[in-house]
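Notes for the structure review
Listed below are the residues making up each chain.
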Amino acid sequence: MLFIDNRAVEKVLTMADTLSVIEDGHKELARGELAGRPRVDVYTETRRPDSFHRWGTMEGSSKHLQRFAIRMKSDVVSWPVRHGIKVEDKYCVQPGLYCGLIMLFSTENGEPLAIINDGYLQHLRVGALYGLGVKYLARKDASVVGMLGSGGMARSHLLAFAAVRKIKKVKVFSPNREHRESYARDMEEALDVDVVCCASAEEAAQNVDILATCTNSKESTIYARMLEPGMHLTQVSGEFAADVYPKL
């Protein structure tokens, strides 16, 4: 059985490959040839009153690939208030470290094939899922992105958008000025596009074709007042305000 760490995954896995696999998987799901179970989280109290341990798993089996995978996560989670907004913090062992593992099995003979770190893979997988939405649902001439958030998900989402549309400009907002400026530098270099730092979410949402929210906020980040005709929206974890849904 192989152990495949994040560095090995990063060397071989591309956004183009991830998009292709995600699209094939959805077609297989539509044909009834892919089975899966949604994520289930188990919370346990810790000795700290503001933190819980969260064990999460999700799994799926592909008839075409003859593979079964289960993803497992071990996090210590808390919900502090930063910049006046309630957010979700998580780590494993210590802040800045995370634990996500995928166990891969053959469904032909049941053989355990690999244990894979899911840090890099997970960011690409989620980004590709929303990139697939842009491919089929966004306007063909969509070229300007408004990005709320500047972490790993914001980076993989933009990579996915740029793989399916000719992105020319990005407007990014994060409450942390240093983070959004770092994001702008990195994504300009990675994609050769113009990335502009914005002072507010409302500014980042103005005159964009795709508006994406990729934050750890437990409060709404996109409101109906920010929407414009023809705008394509994406969210990672329920960041749309209630007044957005009647507009969709």
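The text that follows walks through the structure, step by step, so that each part is easy to find. (Residues numbered from 1 in each chain as written. Predicted model: local features only at pLDDT ≥ 70, side-chain atom pairs only at ≥ 80, totals over all residues. Heavy atoms only, no water.)

This part is about the packing of helix 2 (residues 15-30) against helix 3 (residues 119-137). Their axes nearest at 9 Å, the elements helix 2 and helix 3 cross at an angle of 70°. Relative to helix 3, helix 2 is oriented roughly perpendicular. On helix 3, the residues that touch Met15, Thr18, Leu19, Ile22, Glu23 and His26 of helix 2 are Leu124, Arg125, Ala128, Leu129, Gly131, Leu132, Lys135 and Tyr136. Split by residue class, the contact of helix 2 with helix 3 holds 8 nonpolar, 3 polar and 3 charged. (Axes fitted to C-alpha atoms, helices over the stretch in contact; angles between N-to-C directions. Helix = DSSP H or I, 4+ residues; strand = E, 2+ residues; numbered from the N terminus. Parallel < 35°, antiparallel > 145°, perpendicular 65-115°, else oblique. Contact = heavy atoms within 4.5 Å. Nonpolar A, V, L, I, M, F, W, Y, C, P; charged D, E, K, R; others polar.)

Sheet architecture is open: 5 strands sit in the order 12-11-10-13-14, paired in parallel fashion. What marks the edges here is a single partner per strand, and that holds for strand 12 (194-197) and strand 14 (232-235). Across the sheet, the axes of successive neighbouring strands diverge by a mean angle of 15°, strand direction being ignored. Note that strand 10 (residues 144-148) and strand 11 (residues 169-173) share 5 bridges and pair parallel. (Pairing = 2+ DSSP bridges.)

Moving on to the side chain of Arg71. Considering the arrangement of structural elements, one finds Arg71 in strand 4 (residues 67-78). A relative accessible area of 10% means that Arg71 is categorised as buried. A polar side-chain atom of Arg71 sits 2.4 Å from a polar atom in the side chain of Asp118. When near neighbours in sequence (up to four residues on either side) are disregarded, Arg71 contacts Gly56, Thr57, Met58, Leu101, Ile102, Asp118 and Gln122. (Buried < 20%, exposed > 50% of the residue type's maximum accessible area, 1.4 Å probe, protein only. Polar contact = N/O pair within 3.5 Å; in protein donor to acceptor, adjacent residues only side chain to side chain.)

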